[in-house]
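# Structural description and commentary
If you want the building blocks of each chain, they are given just below.
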Amino acid sequence: MNELHTDKNASEQAARDRASHASAAVKRGLKKRYAAESRFRAYGIGAIAIAMCFIVILFTTIISSGLPAFTETTITLNVELKEDVIDPAGTRDPATLVNANYRKIVFDTLLLEFPDVTSRTDRRALTAILSAGASFQVQKMVTGDPSLIGQTIEIDLPVSADFDLYHKGVINKSTDEADRRVDDKQMAWFDTLKERGTITSGFNTTFFTNADSREPELAGIWGATVGSLFTMLVTLLLSFPIGVSAAVYLEEFAPKNRLTQIIEVNINNLAAVPSIVFGLLGLAVFINFFGLPRSAPLVGGMVLALMTLPTIIIASRAALKAVPPSIREAALGLGASRMQVVTHHVLPLAMPGILTGTIIGMAQALGETAPLLMIGMVAFIVDIPGSITDPATVLPVQVYLWADSPERAFVARTSAAIMVLLSFLIFMNALAVVLRKKFERRW
């Protein structure tokens, strides 16, 4: 009995030793897994932190560079609208008023502020303070209200880009005179005007109301914005109905055979084709073959519609697949035709996903530049387009043009245009998220 009891105790002790050893092994394994999980979590947090840092740096750089473009520097002058210069005959003929020498009127007014400036060189340097658009602003006022002729009116006129930069502190006096475009005399004259209270700063409405210009202080984004709107309208009108129709046919009606499989593979491949290839296609087919106008929103919209179609088709098919088969079976069981099932039941339920995919595709098209460069939308356009066939440019191309300009003042305009473009893109993506959350259904 004692031997049996001893053997039993030994067996129990061995079992306890084995359990203790196994428990220690399990603990070591758990500790390793927990450590690996902690490292993986740390890597993920680190990656997110690095990405957020780069995003903050990017947005900080863009915003800090672009904010000066939202303010403009003006000089307040009492301009005498001399009738003998504007309309000597007194006929008030519109052609005469348009062609009057407003440049002389504006420059003479500024020269009266410094009667001691007499040499031709100094007078030319002094009048360089004013923007080339100052005379056009006076012209616009006079042609809009000819009764102003003969009066002396107070007008806020824009200064040139170099003096705008000087007023904003971008050009410093400490810089060597040979390394800046504003010399010491001009700075002294400008500072004198500032001391007199005639130099002011305000919100730059010109940036939002003008089209492109060779003069940075007169350049605006309205022409490119209208061109983008026309281009997006053409893109939407073409890509949405064609893309949704193709998705409905492939998902609901097309037979599952080798031909449809080839079509599906090609649609997926087209979504990965570089955008410049679509630009080459538009140049070869729409412009060279069909003879459509270059640099027009019509052609730009058609090219972007081709590029957007795969995105809309893929997103629409995914939305149609998400509708439960029971919806179709119930409608068919009640006697509805295949077309009625799709149009009355499946398509309305899939529409939120379809709209989300369409908005994302349109946002992608809004930011495209390469295909539009190929069809000539990189041209310098000073007029605001009035239709889809008028010459135009778009916001991304406008950013490209300004970024390539040598004038320093275009740096701020470039960043400001990027801010406006990013605002549109963020709005469109936010709209897609809101629509998905609002109309999303769970079965």
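Residues numbered from 1 in each chain as written. Predicted model: local features only at pLDDT ≥ 70, side-chain atom pairs only at ≥ 80, totals over all residues. Heavy atoms only, no water.

Broken down by element type, the protein chain carries 18 helices and 3 strands. Relative to the globule expectation of 22 Å for 443 residues, the C-alpha radius of gyration of the protein chain, 34 Å, shows a markedly less compact shape. If one aligns the C-alpha atoms of the protein chain with their principal axes, the spans along those axes are about 135 × 70 × 35 Å. In the protein chain, buried positions account for 40% of the 443 residues. By sequence separation, contacts in the protein chain at least 24 residues apart represent 75% of the contacts at least 6 residues apart. Looking at the protein chain as shown, the accessible area adds up to about 24,500 Å², and 62% of this sits on carbon and sulfur atoms. When the 40 positive and 40 negative side-chain charges of the protein chain are each reduced to one mean point, those points stand 15 Å apart. (Helix = DSSP H or I, 4+ residues; strand = E, 2+ residues; numbered from the N terminus. Rg over C-alpha atoms; globule rule 2.2 N^0.38 Å. Buried < 20%, exposed > 50% of the residue type's maximum accessible area, 1.4 Å probe, protein only. Contact = heavy atoms within 4.5 Å. Areas by Shrake-Rupley, 256 points an atom, 1.4 Å probe, with all protein chains shown as cover. Lys, Arg positive; Asp, Glu negative; His and termini not counted. Charge placed at Lys NZ, Arg CZ, Asp CG, Glu CD.)

This next bit is on the environment of M302. Within the secondary structure layout, M302 lies in helix α13 (residues 297-321). Owing to a relative accessible area of 19%, M302 belongs among the buried residues under this scheme. Counting along the chain gives 194 residues from M302 to D108, while the straight-line C-alpha distance between them is 51 Å. The contacts of M302, once residues within four sequence positions are left out, are V234, L238, F286 and L292.

With antiparallel pairing, 3 strands are arranged side by side in an open sheet as β2-β1-β3. One side of each edge strand has no neighbouring strand; the edge strands of this open sheet are β2 (152-158) and β3 (199-203). Sheet twist, expressed as the mean angle between neighbouring strand axes with direction ignored, is 40 degrees. Note: strand β1 (residues 71-80) against β2, 7 bridges, orientation antiparallel. Paired with V79 across the bridge in β2 is I153. (Pairing = 2+ DSSP bridges. Axes fitted to C-alpha atoms, helices over the stretch in contact; angles between N-to-C directions.)

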